[in-house]
Amino acid sequence: MKRIGFVLLTIALALPVCCAQAQAPKAHAFDDGLALTPPMGWYPWNTFGQEPQNEKLIRDMVDAMIASGMKDAGYSYMGPDEGICFSRGSDGKLTTNLKRYPSGLRGLGDDIHRKGLKYALYTDAGTLTCSRAMPGTKGRELEDMQCFAEWRADYVKIDWCNTEGQDIVRTYTTLHDAQHAAGRPIVHSLCSWGMGEPWKWAAHVGHLWRMGVDICVPGNADWNLAMKITAENEKLYPWAGPGHWNDPDMLIAGMPGLSEARNRAFFSLWCMMAAPLMAGNDLRNMSETTIRILTNPEVIAINQDPLGVQGHIVRKAGEVEIWAGKPLFDGSRAVLIFNHGSSLKAVEIKLSEIGIGPETVLFVRDLWRHTTAERSIGPEGAMSFQVEPNDVQFLRISKSKDLPLPPVIVADTYLISLRASGASPEKLTGTINLTNKGSSELPRWKVRQDLPAWLGVSVAKKGKTQTVMNTVSTSGLKKGLYHAVVRLDNTEPVSGKPMSAVYYDIDVEVPADCVGGATK
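So, here is what we can say about the structure in this document. (Residues numbered from 1 in each chain as written. Predicted model: local features only at pLDDT ≥ 70, side-chain atom pairs only at ≥ 80, totals over all residues. Heavy atoms only, no water.)

1. Looking at the packing of aromatic side chains
With the rule as written, the count across this model stands at nine aromatic pairs. Centroid distance phenylalanine 148 to tryptophan 151: 5.8 Å. Interplanar angle 70°. Geometry classified as edge-to-face. Across the pair, tryptophan 151 and phenylalanine 148 agree in class, each one buried. A network of ring pairs unites the aromatic residues Tyr43, Tyr77 and Tyr155 as a single cluster. One residue, arginine 375, lies across the ring of phenylalanine 385, its end atom 4.8 Å from the ring centre. (Phe/Tyr/Trp six-rings, centres within 6.5 Å; stacked < 30°, edge-to-face > 60°. Buried < 20%, exposed > 50% of the residue type's maximum accessible area, 1.4 Å probe, protein only. Lys NZ or Arg CZ within 6 Å of the ring centre and 35° of its normal.)

Shown next, in the form of structure tokens:
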């Protein structure tokens, strides 16, 4: 972020498509189970910049995300993006800027978790952040990652400002190791704007990486720049996959200055590229059209597909691009036809160029109009479409009329807070409900068996909602505060691919030693 003046990088892939993915490093995500589909959420920078970021703004956006239906559509990560939210104290540790965040950064994060959302924060790998208003992590990696863990962050964006003389691979690796030492699973969003070609090495230390410059200056959606970034990111498709994503930056959809068609085209491109969907608009003032675009479940399904393939251009025809190369978890294919021009275009696509063999009948789903057409295929093996100017046809093509949606998990909370009543041993309970907004019922979530002795966790299943029951036995516990992070794992049943792990926090307050006696 904050490097809008940089020249776009010219990217030349060093490896042929067939072997680029095979030689990429093992993804960090396969250890922690995080971000196996592209992260979804909201960050303030595109609209607000550094001012007026504060606690009230973040809380307002949390409420707007829930009220608008974006949470139910799968958006979850939220928090300040720089925003002068902390400084470094005389003891060298980070401390909250209480003038801007009077609840403290831990208090804000707890409230975000209580509402079933995840907590995102920001830092920098250098001596100072890009605005120079906050300290960077250089030389303080262990202390700062420990602080983010104590603040209960789930996602940290790590900028690359003020890093003169630092080795980029070594620096981000040190931050990865420090986060692991802190013991809290956190999505690492690396933000070097493509410097150091992170797509070639960052999968083992982060979950996503910015591949180019900032998509806009705060408050000003820049369509032409967004299209230049799209063209650069498209070339990087061999390097993306579950848990390791090319990040062309936050969304400009819904920001002032874009037509409905361009909003729709932009969102379609980000979904086709398996890009992180971090909204950047003002969620408090969205039109119904913007909400419909950002929450379209069929379009989001392409982005959140468990196979995690980044689509790419297979053919250009004048001002029209044919995007394909994106198989989906049920055997169908995503196809995007993008008309850059200012007039209606008629486009013919061949089955062979979109990865489909000879067929006589196919079902074509229009993801924006929510209609399915049964198309008879002639001997030439082609289909024709018309695309409006600066707009798209976003299609899902299948041999079957049944087109299931992949899982999108929504939680009622990510924080359980319990308090014992006194010195007598007792059992305390709290629940978390996980609902799948996709088409299928999921297998039962599996509890990672590294729980403390005082905690038991079980899962009950009813349709698409599963209830996770947490039982705390206070017998034998000393007076104090107890904390645990619980991990749940699951598998998408159609593809057999692992799903992103679910983590949540449990806090228990024991006001007196609980020894002897029967448990209530």
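2. So, the pattern of salt bridges
Inspection of the entire model under this criterion finds 33 salt bridges. Note that aspartate 111 and arginine 114 form a salt bridge whose closest N and O atoms lie 2.6 Å from each other. Here aspartate 111 pairs with arginine 114, and both are found in helix 6 (residues 104–114), just three residues apart, close to one helical turn. In this structure, arginine 315 engages glutamate 353 in a salt bridge whose closest nitrogen and oxygen atoms are separated by 2.7 Å. Taken together, the positions of arginine 315 in strand 11 (residues 312–317) and glutamate 353 in the loop between strand 14 (345–350) and strand 15 (361–366) put the pair 38 residues apart, joining distant regions of the chain. Exposure remark for arginine 315: the relative accessible area of 29% places this residue in the partly exposed category. Here glutamate 353 falls in the buried class, since its relative accessible area comes to 19%. What you see here is one network of salt bridges that share partners, running through Arg106, Asp110, Arg152, Asp154, Arg184, Asp505 and Asp507. (Salt bridge = Lys/Arg side-chain N within 4 Å of Asp/Glu carboxyl O. Helix = DSSP H or I, 4+ residues; strand = E, 2+ residues; numbered from the N terminus.)

3. Considering the packing of helix 7 (residues 141–150) against helix 8 (residues 168–182)
Orientation of helix 7 relative to helix 8, taken along the N-to-C sense of each, is 50°, at an axis distance of 8 Å. Considering their axes alone, helix 7 and helix 8 lie oblique with respect to each other. Considering the relative orientation of helix 7 and helix 8, their crossing is right-handed. Of the residues in helix 8, those touching helix 7 at Glu141, Leu142, Met145, Gln146 and Ala149 are Thr174, Leu175, Ala178, Gln179, Ala181 and Ala182. When grouped by side-chain class, the residues that make up the contact of helix 7 with helix 8 number seven nonpolar, three polar and one charged. (Axes fitted to C-alpha atoms, helices over the stretch in contact; angles between N-to-C directions. Parallel < 35°, antiparallel > 145°, perpendicular 65-115°, else oblique. Left-handed = near helix turned anticlockwise from the far one by under 90°. Contact = heavy atoms within 4.5 Å. Nonpolar A, V, L, I, M, F, W, Y, C, P; charged D, E, K, R; others polar.)

4. Overview of the pairing of strand 21 (residues 427–436)
Residue alternation in strand 21 divides its side chains into a buried set, Leu428, Gly430, Ile432, Leu434 and Asn436, and an unburied set, Lys427, Thr429, Thr431, Asn433 and Thr435. In the sheet, strand 19 (residues 409–411) pairs with strand 21 via three bridges, with the strands oriented antiparallel. Within the sheet, the bridge partner assigned to isoleucine 409 lies in strand 21 and is asparagine 436. Note: strand 21 against strand 24 (residues 465–473), nine bridges, orientation antiparallel. Across the sheet, the residue bridging to leucine 434 is glutamine 466, located in strand 24. (Pairing = 2+ DSSP bridges.)

5. A short note on the state of the cysteines
The tally for this structure, following the rule as stated, stands at one disulfide. Across a sulfur-sulfur distance of 1.9 Å, cysteine 130 and cysteine 161 are joined as a disulfide pair. Between cysteine 130 and cysteine 161, the disulfide has an S-S torsion of 90° and is therefore right-handed. Of this pair, cysteine 130 sits in the loop between strand 5 (118–124) and helix 7 while cysteine 161 sits in the loop between strand 6 (155–159) and helix 8, placing them 31 residues apart in sequence. Here cysteine 130 and cysteine 161 have matching classes, each one buried. Free of any disulfide, cysteine 147 has its nearest cysteine sulfur in cysteine 85, 10 Å distant. Cysteine 191 supplies the cysteine sulfur nearest to cysteine 216, a cysteine that is in no disulfide, at a spacing of 13 Å. (Disulfide = S-S within 2.5 Å.)

These values are about where atoms sit, not about what they do.
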